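Summary of structural features
The residues making up each chain are set out below.
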Amino acid sequence: MTTILAFDFMRRGLLAALLVGLAAPSIGTFLVQRRLSLTGDGIGHVAFTGVGLGVLLRTSPVLTAVVVSVIGAVVIEIVRERAQASGDVALALLFYGGLAGGSILIRLAGGTNAALGGYLFGSLSSVSDSDLLVIVTLSLVVICTIALFLRELFAVCQDLDVARVSGLPVRFLNLLVAVGAAVTVTVAMRTVGLLLVSALMVVPVATVQLLARSFRGTLYGACVLGAVMSVGGLVLSYYADVPPGGSIVMLSLAAFLVAAVARHFREANLGGA
Amino acid sequence: MTVFDLQHGTVVLGGRRILEDVSMTVDEGEFVAILGANGSGKTTLVRTLVGLNPLAAGQLSVFGTPVARFRDWPRLGYVPQRLSVGGGVPATVGEVVASGRTGRLNRFRRFSGADRAAVEHALEDVGLAHRVDDLVATLSGGQQQRVLIARALAGEPEVLVLDEPTAGVDADSQDTLAGALGHLSNNGGSVVLVAHELGPLESLIERAVVMSHGRVQSDGPPPRPEGHHAHPDHVHLHPHADEPSSSTFGLDR
């Protein structure tokens, strides 16, 4: 462990992984509650265009990705609100456009396949000092926002109509979740990668809710698990020399399996008692 | 004081006219049932009253204020038609019911003793105080419906609007529900509910609005099927006035 910490890039990577691991499941809990688990994937695709734009314009890809994915998330939210039946296809079109746009822009900018892979599946060495500043700031903003609006977000995700009738600013809160998800996606892009970021938002929540006894328990447990998986996966990727996105998600899926087995035995015990 | 005043309301959803020139008012303290066949516009009517459906024509005022300018939403409680309590993440009965207080909370005020007391009362009203820490998903359908009603009651509304609260609910839950609504009504609250069959709610209902093909077919005393209820001189009394016998509905409060 001490050898890992000897490298600057690893220290930056681990700090980023810790914060991303906390932030991703916190927003993910609300996505899962609203049965929008795949939203993160969609935003990840759109963010790819933002990365391409950043590479092309020679500015920080993280910043352009934040801007583009926030715009994308707001568009997705508006499409969902307006169109009920056709929304599904409209969203699919947006996702494909995002991925295609990114691949073209990065190529036009002279990007390599390796650079492309780094954005899609995460890369250990890619977290620069300026990236780290953006990642730390934005992760903290996401976590604090959720803490501040916890009650309202729970009410809205629990029952949209009831929340509306009780006078809550439903549209604002929905946009808050969408923008929070977009920010989280871009923040997690360096460590987990755009194609796997959604897993870090969803899998810890899915794991903890197998065993949790309340919504709050699920939320807090998922954040802790997310942080452990994120940091653990990054360490694993260093030793195994694999992309961090892959090791973080595989580790999370393994935890899910363990939780599923534990639940099975718990229910079997309850049934026998 | 008039709670809801809908005049010549027309509602168009997905290009179809669901309500056509509907006028109805609900006064403070009234207990109104909205009856009618499937597709007659009952649900659309109550959703319109609580501001969920925009009016294509006509006016709606809530507590004397045009709905577009109405801001005092915590005075309303709404129980939508749901088969079960929603959400992909498990939540406890207590968490769901407490969310009914959210509209009354200020961001910088913590959940207070008064909030907790309101949640406890609401849970007692629907007979689920002992299940507060259980996951909602482990409850029966009728109990989940009671959780939804407790969530609305927790906001301490002056008027409660319920969409088919008795649909698919077991007899016990229907009795508890009738007790809770009777309690609210006795304390001066108004109740508007959509129902298919009235069951134990029948004796509570003071007025019935019967819908047919998106229009009000009749508005007046509820249809009394038989017996002394059918007598024109019959004075309707609540069987659950504030006396010991109020436990008729399994409610000891």
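Let me sum up the structure you'll find in this document. (Residues numbered from 1 in each chain as written. Chains lettered and ligands numbered in written order. Predicted model: local features only at pLDDT ≥ 70, side-chain atom pairs only at ≥ 80, totals over all residues.)

Residue and element names in this part refer to chain B. Taking burial as the measure, the eight residues of helix α1 (residues 42-49) include eight buried ones, the bulk of the element. Residues of α1 that are buried: K42, T43, T44, L45, V46, R47, T48 and L49. At the C-terminal side of α1, G51 shows a positive phi close to 85°. (Buried ≥ 20, exposed ≤ 12 C-beta atoms within 10 Å, placed from the backbone. Helix = DSSP H or I, 4+ residues; strand = E, 2+ residues; numbered from the N terminus.)

A few words now on the interface of chain B and chain A. Listed per partner, the contact involves 25 residues of chain B and 27 residues of chain A. Secondary structure elements with two or more residues in the side of chain B that touches chain A: β6 (76-79) and α2 (93-98) of chain B. Grouping the amino acids of the side of chain B that touches chain A by side-chain chemistry returns 13 nonpolar, nine polar and three charged. (Contact = placed C-beta atoms within 7 Å. Nonpolar A, V, L, I, M, F, W, Y, C, P; charged D, E, K, R; others polar.)

Attention shifts here to the pairing of strand β10 (residues 215-220) of chain B. All names here are of chain B. As paired strands, strand β9 (residues 207-212) and β10 are joined by five bridges and run antiparallel to one another. Residue pairing for β10: A208 is matched across the bridge by G220. Where β9 hands over to β10, the hairpin turn is made up of two residues, of which H213 adopts a positive phi near 50°. (Pairing = 2+ DSSP bridges.)

Residue and element names in this part refer to chain B. The terminal C-alpha atoms of helix α3 (residues 113-125), which comprises 13 residues, lie 18 Å apart, in line with the 18 Å expected from a rise of 1.5 Å per residue. Within α3, the full set of buried residues consists of A118, V119, A122, L123 and D125. Buried residues of α3 fall within an arc of 160° about the axis and therefore sit on the same side. Away from the buried face of α3 by more than 90 degrees, exposed residues G113 and A117 are located. Where α3 is buried, its residues touch α2, α4 (141-154) and α5 (171-186). Backbone geometry just after α3 places G127 at a positive phi near 70°. (Expected span 1.5 Å × (residues − 1). Arc of directions from axis to C-beta.)

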